[in-house]
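Architecture and fold: a report
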Amino acid sequence: MNRRNAIVVPLLALTLLVVPAAFAAKGGGKPGGGGGGGKPGGGGGTLSLKMVTDSNGDGLPNWGEQVTFNVSTTATTEPNVSLTCSQNGVVVYGAVTGYYASYPWPWTQTMTLSSTAWSSGAASCVAKLYYFSGTSTVNLGSMSFPAGA
């Protein structure tokens, strides 16, 4: 668990500090926009939630359970997903991970819906599918979902 914390904490900090700024600076890019960096320019993407653990058997994400995402895109070979969860407008969870074969930290694709700031209760979550094109972030899609208590 220490190895995971050593990686998750810096990734959380990166998510909370860098990724929102990158999204804000981009201004909501269009699917297939950008190009550059040798990446294909066309195509959008789809993102869907997949339960990894479901402790209460309700088939829905709840605090403390684990989720991942099914990702599909023709716009890039290196898609990424950011997940942010908030309670009453305050961010209590953030994670960023890559969904491609050469991603160096594949275990981060399983996200546990809890943190030191999120010790219990329901939250509103938003997952964003994107890729990097040079210094720009190209948004491919997003989805929102509630996480139960």
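Residues numbered from 1 in each chain as written. Predicted model: local features only at pLDDT ≥ 70, side-chain atom pairs only at ≥ 80, totals over all residues. Heavy atoms only, no water.

1. Focus on the sheet that holds strand E4 (residues 90-98)
Basically, it comes down to this: Two strands form a pair only when DSSP identifies at least two bridges running between them. Runs of H or I in DSSP of at least four residues are treated as helices and runs of E of at least two as strands, each being numbered from the N terminus. Note on method: axes are straight lines fitted to C-alpha atoms, helices fitted across the in-contact stretch only, with angles between N-to-C directions ranging 0 to 180 degrees.
Reading across from one edge, E4-E3-E6-E7 is the order of the four strands in this open sheet, with antiparallel pairing throughout. Two strands in the sheet have a free side with no partner beyond their single neighbour: E4 and strand E7 (136-147). The average angle at which neighbouring strand axes cross in this sheet is 20 degrees, direction not considered. Judged from the seven bridges that link them, strand E3 (residues 80-87) and strand E6 (residues 123-133) form a sheet pairing that is antiparallel. Its bridge partner lying in E6, serine 86 is registered against serine 124.

2. Let's talk about the packing of aromatic side chains
Remark: the centre distance and the inter-plane angle together describe each pair of aromatic rings, the angle taken between the planes. Spelled out, the test is: Any Phe, Tyr or Trp ring, taking Trp's six-membered ring, that has another such ring centre within 6.5 Å forms a pair; planes under 30 degrees apart are called stacked, those over 60 apart edge-to-face, and the others tilted. Remark: exposure states derive from per-residue accessible area (1.4 Å probe, protein chains only) relative to the maximum for the residue type, with buried under 20%, exposed over 50%, and partly exposed in between.
Taken as a whole and assessed by the stated rule, the structure comprises five aromatic pairs. Taken together, a centroid distance of 5.4 Å and an interplanar angle of 85 degrees make the contact between tyrosine 130 and phenylalanine 132 edge-to-face. For tyrosine 130, a relative accessible area of 1% translates into the label buried. Judged by its relative accessible area of 44%, phenylalanine 132 is partly exposed.

3. Re the pairing of E4
A large share of E4 lies buried, amounting to seven of its nine residues. Of the strand pairs in this sheet, E3 and E4 are connected by eight bridges, and their pairing is antiparallel. When the sheet's bridge partners are listed, cysteine 85 is paired in E4 with tyrosine 93. From the end of E3 to the start of E4, which pair antiparallel, there are two residues, and asparagine 88 there has a positive phi angle of about 50 degrees.

4. Description of the nonpolar core
Threshold: The set of buried Ala, Val, Leu, Ile, Met, Phe, Trp, Tyr and Cys residues whose side-chain atoms join them within 4.5 Å is what this entry labels a nonpolar core. In what follows, a contact means two residues having at least one pair of non-hydrogen atoms within 4.5 Å.
In this structure, Phe69, Leu83, Cys85, Met111 and Trp118 are the most contacted members of the largest nonpolar core, which totals 24 residues. Looking at this core, the elements that each hand over two or more residues are strand E2 (66-73), E3, E4, E6 and E7. If we skip the residues at most four places from it in the chain, leucine 83 touches Val67, Phe69, Tyr93, Gly94, Ala95, Met111, Leu113, Cys125, Val126, Ala127 and Phe145.

5. Quick word on unusual backbone geometry
In the Ramachandran plot, asparagine 88 falls in the positive-phi region, its phi being about 50 degrees despite a non-glycine side chain. Considering the arrangement of structural elements, one finds asparagine 88 in the loop between E3 and E4.

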